[in-house]
Amino acid sequence: MQEDSKMVEVSSSVKTVIEILHDGHEGFAQIGEHLEDPTAKTFFLEESTTRAKFEHELKYAAGISEDVGGTAAGAAHRTWGDLKAHLGGGDHTLLDTAEQGEDAAKKAYKEALEDPDIHSSIREVLVRQQSHIAASHDKVKAMRDSKKK
């Protein structure tokens, strides 16, 4: 019985990262559609696909078959970004919004990897994905900085 409660705890810890990946998938696609810079647009649309792949990969590793969905904060963040885009926010504003989302992703991975109860196979997936998430964050930040007025 002890093992079952441990699995629930691990699943709960990993579930947050899965939700953040879901948010990232939707957020990158949404922002990508509004960006004017063709290089940034391409990166965002590709990164949206990568986040969906990471979500499915982590769900598989964790033994989660149901749809987890995203976070309420992520939905609110996407709505705010969409509003900024419709009010004429340029690429810098959209990239700033995206970087905030990337900060949340980095934090979720860091917290999950601090959980000592995560199974080693799940930890391997998280570590590999985390390096991509960190590189993506840095790229989004660099794009944002290059668009400063």
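Let us look at the structure shown here.

A few words on the overall build of the protein chain. Looking only at helices and strands, one finds 5 helices and 0 strands in the protein chain. For the protein chain, with 149 residues in total, the buried portion stands at 42%. The contacts in the protein chain between residues at least 6 apart in sequence include a share of 75% that link residues at least 24 apart. Total accessible area on the protein chain stands at roughly 8,200 Å², and carbon and sulfur atoms take up 55% of it.

At their nearest, the axes of helix H2 (residues 38–62) and helix H5 (residues 120–146) sit 11 Å apart, and the two run at 165° to each other. Between H2 and H5, the angle falls in the class roughly antiparallel. H2 and H5 meet at a crossing whose hand is left-handed. Counted together, Ala-40, Phe-43, Phe-44, Glu-47, Thr-50, Arg-51, Phe-54, Glu-57, Leu-58, Ala-61 and Ala-62 of H2 and Ile-122, Val-125, Leu-126, Arg-128, Gln-129, His-132, Ile-133, Ser-136, Lys-139, Val-140 and Met-143 of H5 form the full contact between these two elements.

Another point: the nonpolar core. Across soluble globular proteins, you tend to see nonpolar side chains buried next to one another. Core analysis: the biggest nonpolar cluster contains 20 residues, and Val-14, Val-17, Leu-21, Leu-58, Tyr-109, Ile-122 and Leu-126 have the highest contact counts within it. Where this core is concerned, the elements lending two or more residues are helix H1 (2–34), H2, helix H4 (91–113) and H5. Setting aside its immediate chain neighbours within four residues, Val-17 contacts Leu-58, Ala-108, Tyr-109, Ala-112 and Leu-126. Phe-28, Phe-44, Leu-95 and Ala-98 belong to the second-largest nonpolar core, a separate cluster that totals 11 residues.

An ideal rise of 1.5 Å per residue puts 33 Å on 23 residues; H4 measures up with 33 Å between its terminal C-alpha atoms. All of the buried residues in H4 are Asp-91, Leu-94, Leu-95, Thr-97, Ala-98, Glu-99, Glu-102, Ala-105, Ala-108, Tyr-109, Ala-112 and Leu-113.

Right, let's get into the environment of Glu-57. Inspection of the secondary structure assignment puts Glu-57 in helix H2. As for Glu-57 and Ile-18, which are separated by 39 residues in sequence, their C-alpha atoms are 9.5 Å apart. With residues near it in sequence (within four places) discarded, Glu-57 still touches Val-125, Arg-128 and Gln-129.

This part takes up the side chain of Asp-91. Here Asp-91 shows up in helix H4. We note that Asp-91 is buried and unpaired, the nearest opposite charge coming from Lys-147 at a distance of 4.4 Å. When sequence neighbours within four positions are dropped, the list of residues in contact with Asp-91 reads His-34, Leu-35, Glu-36, Asp-37 and Lys-147.

The next subject is the side chain of Lys-59. Along the chain, Lys-59 turns up in helix H2. Look past the residues within four positions of Lys-59 in its chain and what remains in contact with it is Ile-18, Ile-64, Ser-65, Glu-66, Asp-67 and Val-68.

Further remarks concern H5. Given 3.6 residues per turn, any residue in an α-helix points the same way as the ones three and four places further on. Here H5 contains 27 residues, and its C-alpha end-to-end distance of 39 Å stays within 8% of the 39 Å for a straight helix at 1.5 Å per residue. For H5, the complete set of buried residues consists of Ile-122, Val-125, Leu-126, Gln-129, Ile-133, Ser-136, His-137, Val-140, Met-143 and Arg-144.

Attention now moves to the environment of Phe-44. Looking at the element boundaries, Phe-44 is found in helix H2. In the structure, Phe-44 is positioned 13 residues away from Ile-31 in sequence and 7.2 Å away in space, judged by C-alpha atoms. Those residues within four positions of Phe-44 in sequence are excluded, and the remaining contacts are Phe-28, Ala-29, Ile-31, Gly-32, Leu-35, Leu-95, Ala-98, Val-140 and Met-143.

What follows concerns the environment of His-22. Within the element layout of this structure, His-22 appears in helix H1. In the structure, His-22 is positioned 45 residues away from Asp-67 in sequence and 9.8 Å away in space, judged by C-alpha atoms.

Rules and cut-offs
- Counting from 1, residues in each chain are numbered in the order their sequence is written.
- Since the coordinates come from a predicted model, pLDDT governs what is reported: local features require at least 70, and pairs of side-chain atoms require 80 or more to be given and counted, while whole-chain, interface and lining totals use all residues.
- Just so you know, side-chain values use all the structure's heavy atoms and leave hydrogens and water out.
- Put simply, DSSP H or I for four residues or longer makes a helix, DSSP E for two residues or longer makes a strand, and each gets a number counted from the N terminus.
- Exposure classes here rest on a 1.4 Å probe applied to the protein chains alone. A residue is buried below 20% of its type maximum, exposed above 50%, and partly exposed in between.
- We call two residues contacting when some pair of their heavy atoms lies within 4.5 Å.
- Working definition of accessibility: Shrake-Rupley area with a 1.4 Å probe, residue cover restricted to the visible protein chains.
- Note on definitions: angles span 0 to 180 degrees between N-to-C directions of axes, and those axes are lines fitted to C-alpha atoms, for helices only across the stretch in contact.
- The cut-offs work like this: below 35 degrees is roughly parallel, past 145 is roughly antiparallel, 65 to 115 is roughly perpendicular, and the gaps in between are oblique.
- Each crossing gets its hand from how the near helix is turned against the far one by less than a right angle, where anticlockwise is left-handed and clockwise is right-handed.
- Only buried residues count toward a nonpolar core, which is a set of Ala, Val, Leu, Ile, Met, Phe, Trp, Tyr and Cys residues joined through side-chain atoms within 4.5 Å.
- To estimate how far a helix should extend, the number of its residues minus one is multiplied by 1.5 Å.
- Charged-residue counts in this description rest on Lys and Arg as positive and Asp and Glu as negative, His and the chain ends being excluded.
- Here a salt bridge means any side-chain nitrogen of Lys or Arg lying within 4 Å of a carboxyl oxygen belonging to Asp or Glu.

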